[in-house]
Amino acid sequence: MNNNRKFLYGHELVVQACLDAEAEVMYGYPITPTCEILSGWIATGKPSLQTEDEIAAGFAVCGAVLAGQKAFTASGGPGHILLQDGMSMAEGMRLPFVIIVGQRGGPSSGTVIYSQQEVMLACFGGNGEGLRLVYSPATSRELYELTRQAFNDAWQYRFPAIVLTDGYLLKMRSGINLAEIKIENVPAHQLVPEDKIVHWPNIYTMEEELNEQINLAQKDWDEISPPIAKAEILETADAEILLIAHGIVGAAVKEAVKQLRKSGIKAGYFRPITLRPFPKKDLDNLFMKDNLKKIIVIESSSGQLARIVREQLAPEIAVGFEYLQKPGLGIEVEEIIDFIKNN
Amino acid sequence: MILKILLAGDGGQGIQSISDLLAQASFANGFFISQIPNYGLEQRGGVSLSFLIISDEEIAYPRFSEPNVLLIMSEQADARTKKFKNADLPTGRQDLKLDINDFVEVFKENNILKQSYNIFFLGLITKFLADKNILKTEQIFELLEKKLSKKTNWEENKKAFELSLKINK
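Quantities reported herein were computed from a predicted structural model and do not represent experimental measurements.

**Looking at the overall build of chain A**
When helices and strands are counted, chain A shows 12 helices and 14 strands. Taking 343 residues into account, the globule formula puts the C-alpha radius of gyration at 20 Å, and chain A, at 20 Å, falls close to it. By principal-axis analysis of the C-alpha atoms, chain A measures approximately 65 × 50 × 40 Å. Relative to its full complement of 343 residues, chain A shows a buried share of 56%. Residue pairs at least 24 apart in sequence account for 78% of intrachain contacts in chain A once pairs closer than 6 positions are excluded. Total accessible area computed for chain A in this model is approximately 14300 Å², and 51% of it derives from carbon and sulfur atoms. Chain A carries 32 positive and 43 negative side-chain charges, and their two centres are separated by 7 Å.

Structure follows, in C-alpha cells:
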C-alpha cells in the first residue's frame with residue numbers, strides 16, 4: 001500500500017507546491033508555525049529575502065508581483081496582522097499576492113501551533129471590502145493542491161490569495177503521492193509594461209474615483225465567485241442535521257459523520273473549501289427539500305465560521321443553529337460524535 | 001488496526017526525536033502514519049508532546065485523547081496528560097503505559113545517563129511494536145545508529161537501547 005508515497009511534513013508540501021507553481025521568490029519574516037516554509041524555501045536555493053518585519057515582506061511581495069514575478073510570503077498570528085497592510089494594498093491594486101497563513105492561537109502571541117481564529121482576519125482583515133480568495137485545506141494533499149490553486153487564481157483573477165491553514169497541517173507528517181496530482185500553471189506576466197508610463201495608484205484624490213474602483217472590483221468579484229467557490233458535501237440527501245466545519249476540523253467532522261451514519265443518525269457534511277468566496281449556492285441548494293432541521297457549526301474559534309455561515313445562508317431559509325466551539329483547541333472525532341448524540 | 005501513541009516529556013528530553021524514528025520505520029513498512037508535535041514557545045523547559053498514529057487505513061484526524069501507548073517522561077508531562085482519558089488509569093486500559101518514575105531504580109543500577117532516557121523508552125516502545133509486527137527492532141537500531149552514532153554519548157545511548165530490550169516490561 002506504500003507505492004510512491006513519500007513521507008512529508010505539511011511545510012515541505014507547501015514549499016514543493018510553490019516550486020511546482022513556478023514561484024520565483026519568497027519574502028518573509030519567520031514565525032511559528034510557518035518558519036519551516038521560509039527555511040525550506042531558502043534551502044531550495046531560489047531567491048528569497050528575510051525582511052526586517054512582516055510589513056516589509058508584504059510590500060516586497062507587492063513590488064515583486066508588479067514587476068511580474070510570482071512572489072509569495074507565509075506567516076501566522078501577529079505576523080499575519082502586520083501583513084494585512086500589504087494585503088490591503090494588493091486588494092486595492094488587484095495584485096496577485098499569495099500568502100500561506102499558519103493559524104496559531106490568539107489573541108496576540110497566544111499559542112504557537114494551532115487554532116482557527118484567523119478566519120476573520122484572513123477574510124476581512126484589511127481596510128477594504130474583503131475581496132480576497134481564502135482557501136481552507138483539510139488534509140495534507142489539499143494543502144498542496146490549494147497552494148497551487150492559490151497561485152493560479154491569483155494570477156488569473158488578480159485578487160490576493162490566502163491559503164489559510166494551521167500548524168497541525170504544517171507540522172504533520174504523512175504519506176502522500178505527489179505524482180498523481182496534475183495541475184496546470186497559470187503563468188506570471190508583467191503587470192506594468194516596461195515601455196509605457198502607467199498611472200496605477202493605491203490612493204485617490206476624489207472619493208468618486210475610489211468608489212468607482214471599488215465597484216469595478218466588486219463586479220469582477222461577483223463574476224468570478226461562482227466558478228471559484230467550492231465545498232465538499234456528503235450524505236446530505238436525507239440528512240436531518242448538517243455539520244459544517246472548515247480546515248482540519250472538517251477532516252474530523254467527515255469521519256464523525258461516517259460513524260454517526262453507522263449508528264443510524266442522519267447527519268450530513270458540508271465543508272467550505274473556499275471561505276471567500278463562500279460556496280453560498282451549494283449551501284442554499286441543500287435546503288431545496290425540507291429534510292434538514294438543524295445546522296451545527298463546529299470550529300476551533302468562538303464563532304468566526306458561524307458568523308460567515310449565518311451571513312451567507314439565504315435569509316428565507318429557516319433552520320435552527322447549534323455550535324460546537326473550542327477556541328484555540330483541536331476538536332476530535334469522538335468529541336463531535338458525543339456532542340451530536342447528546343444534543 | 002489503529003494504534004495511537006502519545007509521547008510526553010519536557011522540551012529537550014528528545015520526545016520528538018524518538019517519535020520521528022518510530023514514524024519513519026512504520027512508514028517504511030507500509031503503514032499510514034500521522035505525526036504532530038505539540039509544544040509551547042520555549043525550546044527547552046516547556047512540555048513537549050508528540051501525537052503519533054500508526055494505522056493500516058487512512059487516518060482521519062491526527063489528534064486523539066485516548067492513547068493506546070502513553071509515555072510520560074516528566075512531572076509536567078504527567079500533569080499535562082492527565083486530561084487525556086484513561087491516562088490516570090492503571091496499565092490495562094492502556095496497552096502500554098510507561099512512566100519515568102517506575103524506572104528510577106533501573107536507571108541507577110545500570111548507570112543510564114539522563115540524556116539517554118529517551119532512547120531507553122524508545123527501546124521499550126520498539127519492542128512493543130515489534131511484537132505487533134509493525135516494525136523490527138533492527139530497523140529502529142539502524143535508524144538510531146544513522147542519527148546518533150557520530151554524536152557524543154553514542155555508546156551510552158546504545159547501552160540504554162540494548163538494556164531496554166532486555167528489560168521485561
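**Examining the sheet that holds strand E12 (residues 274-276) of chain A**
All names here are of chain A. Strand order across the open sheet formed by seven strands is E3-E2-E4-E5-E7-E6-E12, with mixed pairing between neighbours. Looking along the sheet, the strands with just one partner apiece sit at the ends: strand E3 (48-50) and E12. The sheet shows a mean angle of 20 degrees between the axes of neighbouring strands, taken without regard to direction. The sheet contact formed by strand E6 (residues 133-135) and strand E7 (residues 161-166) spans three bridges and is parallel. Looking at the pairing, leucine 133 lines up with alanine 161 of E7. The sheet strands contacting helix H4 (residues 78-93) are strand E4 (71-75), strand E5 (98-103) and E7, and the helix crosses E4 at an angle near 150 degrees.

**So, the nonpolar core**
Residue and element names in this part refer to chain A. Among the nonpolar cores identified, the biggest contains 117 residues, and Phe72, Leu243, Leu283, Phe287, Ile298 and Ile336 are the most heavily contacted of them. Counting residues per element, this core draws most heavily on helix H9 (residues 247-262), at seven residues. Not counting the four nearest positions on each side in its chain, leucine 243 is found in contact with Val253, Val257, Leu260, Ala267, Gly268, Tyr269, Phe270, Ile296, Ile298, Ile336 and Ile340.

**Focus: the domain arrangement of chain A**
All names here are of chain A. In terms of domains, chain A is made up of domain 1 (6-228) and domain 2 (231-341). Each of domain 1 and domain 2 has a C-alpha centre, and these two points are 27 Å apart. With 28 residues of domain 1 at the contact, the number on the domain 2 side is 22 residues. Of the roughly 2100 Å² buried between domain 1 and domain 2 on both sides combined, carbon and sulfur atoms contribute 60%. Summed over the three residues of domain 1 that lose the most area to domain 2, namely Gln116, Met120 and Ser136, the buried surface amounts to 29% of that side. Here domain 1 and domain 2 share one salt bridge between them. Residue arginine 271 is joined to glutamate 142 by a salt bridge in which the shortest nitrogen-to-oxygen separation is 2.8 Å. The interface formed by domain 1 and domain 2 holds 13 residue pairs in polar contact (both at pLDDT 80 or more) in total. For the side of domain 1 that touches domain 2, the elements supplying multiple residues, two or more each, are helix H5 (119-124), E6, helix H6 (140-157), E7, helix H7 (167-171) and helix H8 (207-228). Looking at the side of domain 1 that touches domain 2, the element that brings in the most residues is H5, giving four residues. Counted by class, the side of domain 1 that touches domain 2 contains 17 nonpolar, six polar and five charged residues.

What counts and what doesn't
- Residues numbered from 1 in each chain as written.
- Chains lettered and ligands numbered in written order.
- Predicted model: local features only at pLDDT ≥ 70, side-chain atom pairs only at ≥ 80, totals over all residues.
- Heavy atoms only, no water.
- Helix = DSSP H or I, 4+ residues; strand = E, 2+ residues; numbered from the N terminus.
- Rg over C-alpha atoms; globule rule 2.2 N^0.38 Å.
- Buried < 20%, exposed > 50% of the residue type's maximum accessible area, 1.4 Å probe, protein only.
- Contact = heavy atoms within 4.5 Å.
- Areas by Shrake-Rupley, 256 points an atom, 1.4 Å probe, with all protein chains shown as cover.
- Lys, Arg positive; Asp, Glu negative; His and termini not counted.
- Charge placed at Lys NZ, Arg CZ, Asp CG, Glu CD.
- Pairing = 2+ DSSP bridges.
- Axes fitted to C-alpha atoms, helices over the stretch in contact; angles between N-to-C directions.
- Core = buried A, V, L, I, M, F, W, Y, C linked by side-chain atoms within 4.5 Å.
- Domains from an automatic or database assignment.
- Buried area = accessible area lost by both parts, 1.4 Å probe.
- Salt bridge = Lys/Arg side-chain N within 4 Å of Asp/Glu carboxyl O.
- Polar contact = N/O pair within 3.5 Å; in protein donor to acceptor, adjacent residues only side chain to side chain.
- Nonpolar A, V, L, I, M, F, W, Y, C, P; charged D, E, K, R; others polar.

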